[in-house]
Amino acid sequence: MEKEDIKKVVRREYGSIARQAGSSCGCGSGCCGGGAEVGRSIGYSDQELASVPAGANLGLGCGNPLALASIREGETVLDLGSGAGFDCFLAAQRTGRTGRVIGVDMTPEMVERARENAARHGIENVEFIPGEIDALPVEDASVDLVISNCVINLAHDKEQVFREAFRVLKPGGRLMVSDIVVTAGLPAALRDSVAGYVGCVSGAVEKDKYLEGMRKAGFADITVHDERVFPIDCMAEDPAIRAILADPGRLGWKLEEVAESVRSISVSAIRPA
Amino acid sequence: MRRKLLDIICCPVCKGDLVLQVTEEDEEEILSGSLLCNACRVTYEISEGIPNLLPRTASED
């Protein structure tokens, strides 16, 4: 798929998720159960889940609690692919009024929804901007921490996203992301499936290549903190993936094999001072 | 967008400064207006409080 086609598909799919009341879950066409259920399974505490505006957690992420825990008061935090604002609201509690959180998302409906969530709860130290994570509308060396939760895998050019993250970080600033990677090459039919793309799976690249992209962008101290097999139920409920796997003659891959090759990782890195 | 946001946003394409023009503002934020990148000759609209900074080039205007 061409770069612009991917952006269009991703924007359309996530726009339609934003318009749904968020009662069901995300990962595109269908997965994972409700937001709170997914939230707990990926490491957020009940207290954290209860502390953000209702409707901010669409159950689309793969978890970034470690990044949130690292935030200090007064810091500037940038969230790549902020969605309905869940991680931004949690981050804003930690930066306090002396700090600020900026969420960038290329889906205008998501930005509107996040703004409504912020306004309804009087959260003042968060701003949401429609923008693209591979062309950030953010000044050089202006951010202490870049976070991103299960989004970079959707980008066509992941290395360009890492270059942009590096550019906006202050020297010594941190990049802390959670994302989906694969351990072995996924079958082309899965990789190229548009629905699979939005289902957070087929856009994923191999883990080594992902980390190499960070290194090439200039990041140092690249550390994988957590790596887990992506919940097989999420995949089993994605209709597009089910349809492809239902044709074993074509692929020769079983659901279990695909699930085993898909990992959710959480990674941190530093822009050297 | 709050006025304070201006010190951290830039043109998504050339990363240059943006020139703000306000059409409507309340005590909290700028509700409508525009952000001009002189270098790219592109105007980014602010509408309903949201500055749309999805990258564009002059030819798309």
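Above: the structure in question.
In this text, all values refer to a predicted model and were calculated from it rather than measured experimentally.

J.: Summarise the overall build of chain B; cite the residues concerned and give the values.
T.: Within chain B one finds 0 helices and 4 strands. Going from N to C terminus, chain B has its helices and strands arranged as β-β-β-β. With respect to the principal axes defined by its C-alpha atoms, chain B has extents near 35 × 20 × 15 Å. Expressed as a percentage of the 61 residues in chain B, the buried residues total 41%. In chain B, the proportion of contacts linking residues at least 24 apart, taken out of those at least 6 apart, comes to 29%.

J.: How would you sum up the sheet that holds strand β4 (residues 143–149) of chain A? Please name residues and give values.
T.: Residue and element names in this part refer to chain A. Spatial ordering of the open sheet is given by β3-β2-β1-β4-β5-β7-β6, a layout of 7 strands whose pairing is mixed. Each end of this open sheet is capped by a strand with a single partner; those strands are β3 (126–130) and β6 (220–229). Mean inter-strand twist for the sheet, computed between neighbouring axes without regard to direction, equals 15°. In this structure, strand β1 (residues 76–80) lies alongside strand β2 (residues 100–105), joined through 5 bridges in parallel fashion. Residue Thr-76 lies in a different strand from β2, and its bridge partner there is Arg-100. Its contacts with the sheet put helix α7 (residues 158–168) on β1, β4 and β5 (169–182), and the angle it makes with β5 is roughly 155°. Set on the sheet, helix α10 (residues 207–217) makes contact with β5, β6 and β7 (262–270); between it and β5 the angle comes to about 165°.

J.: Give me the lowdown on a negative patch on the surface, citing residues and values where you can.
T.: Judged by side-chain charge, Glu24(B), Asp26(B), Glu27(B) and Glu28(B) come together as a negatively charged surface patch. On the secondary structure map, Glu27(B) appears in the loop between β1 (19–25) and β2 (30–37).

J.: Any chance you could break down helix α5 (residues 86–95) of chain A for me, citing the residues and the numbers?
T.: All names here are of chain A. With 8 of its 10 residues buried, α5 lies for the most part within the structure. Taken residue by residue, α5 has Phe-86, Asp-87, Cys-88, Phe-89, Leu-90, Ala-91, Ala-92 and Thr-95 as its buried positions. Within two residues after α5, Gly-96 carries a phi angle of roughly 70°, on the positive side.

J.: Account for the sheet that holds strand β4 (residues 50–51) of chain B, naming residues and giving values.
T.: As a general point, the strands of a sheet are linked pairwise by backbone hydrogen bonds and lie either parallel or antiparallel. All names here are of chain B. Reading across from one edge, β1-β2-β3-β4 is the order of the 4 strands in this open sheet, with antiparallel pairing throughout. Sheet topology places β1 and β4 at the edges, where each strand pairs with a single neighbour. Pairing geometry for strand β3 (residues 42–47) and β4, over 2 bridges, is antiparallel. The partner of Ile-46 across the bridge, within β4, is Pro-51.

J.: Which residues make up the packing of aromatic side chains, and what are the values?
T.: One pass over the full model with this rule turns up 3 aromatic pairs over all chains. Ring centres of Phe89(A) and Phe128(A) lie 5.7 Å apart, and the angle between their planes is 70°; this geometry places the pair in the edge-to-face category. One end of the pair, Phe89(A), is in helix α5; the other, Phe128(A), is in strand β3, and 39 residues separate them in sequence. Assigned by exposure class, Phe89(A) and Phe128(A) land together as buried. Over the ring of Tyr44(B) we find Arg56(B); its NZ or CZ atom is 5.3 Å from the centre of that ring.

J.: Can you tell me about the interface of chain A and chain B, naming the residues and giving the values?
T.: Quite often, the size of an interface is put as the accessible area lost when its parts meet. Across the boundary between the two partners, chain A contributes 25 residues, which contact 21 residues of chain B. Carbon and sulfur atoms make up 55% of the area that chain A and chain B hide from each other, which totals about 1,900 Å². In terms of surface lost to chain B, no three residues of chain A exceed Arg100(A), Glu127(A) and Glu139(A), which account for 30% of the buried area on that side. In this structure, the connection of chain A to chain B is made through 4 salt bridges. A salt bridge links Glu29(B) to Arg115(A); the shortest N-O distance between them is 3.0 Å. The tally of links from chain A across to chain B stands at 14 residue pairs in polar contact (both at pLDDT 80 or more). At the level of secondary structure, the elements contributing two or more residues to the side of chain A that touches chain B comprise β2, α6 (108–120), β3 and α7 of chain A.

Rules behind the numbers
Residues numbered from 1 in each chain as written. Chains lettered and ligands numbered in written order. Predicted model: local features only at pLDDT ≥ 70, side-chain atom pairs only at ≥ 80, totals over all residues. Heavy atoms only, no water. Helix = DSSP H or I, 4+ residues; strand = E, 2+ residues; numbered from the N terminus. Buried < 20%, exposed > 50% of the residue type's maximum accessible area, 1.4 Å probe, protein only. Contact = heavy atoms within 4.5 Å. Pairing = 2+ DSSP bridges. Axes fitted to C-alpha atoms, helices over the stretch in contact; angles between N-to-C directions. Patch = residues over 30% accessible without salt bridge, like charges linked within 9 Å, V, L, I, M, F, W, Y side chains within 5 Å. Areas by Shrake-Rupley, 256 points an atom, 1.4 Å probe, with all protein chains shown as cover. Salt bridge = Lys/Arg side-chain N within 4 Å of Asp/Glu carboxyl O. Lys, Arg positive; Asp, Glu negative; His and termini not counted. Charge placed at Lys NZ, Arg CZ, Asp CG, Glu CD. Phe/Tyr/Trp six-rings, centres within 6.5 Å; stacked < 30°, edge-to-face > 60°. Lys NZ or Arg CZ within 6 Å of the ring centre and 35° of its normal. Buried area = accessible area lost by both parts, 1.4 Å probe. Polar contact = N/O pair within 3.5 Å; in protein donor to acceptor, adjacent residues only side chain to side chain.

Spatial relationships are all this shows, so hold off on functional conclusions.
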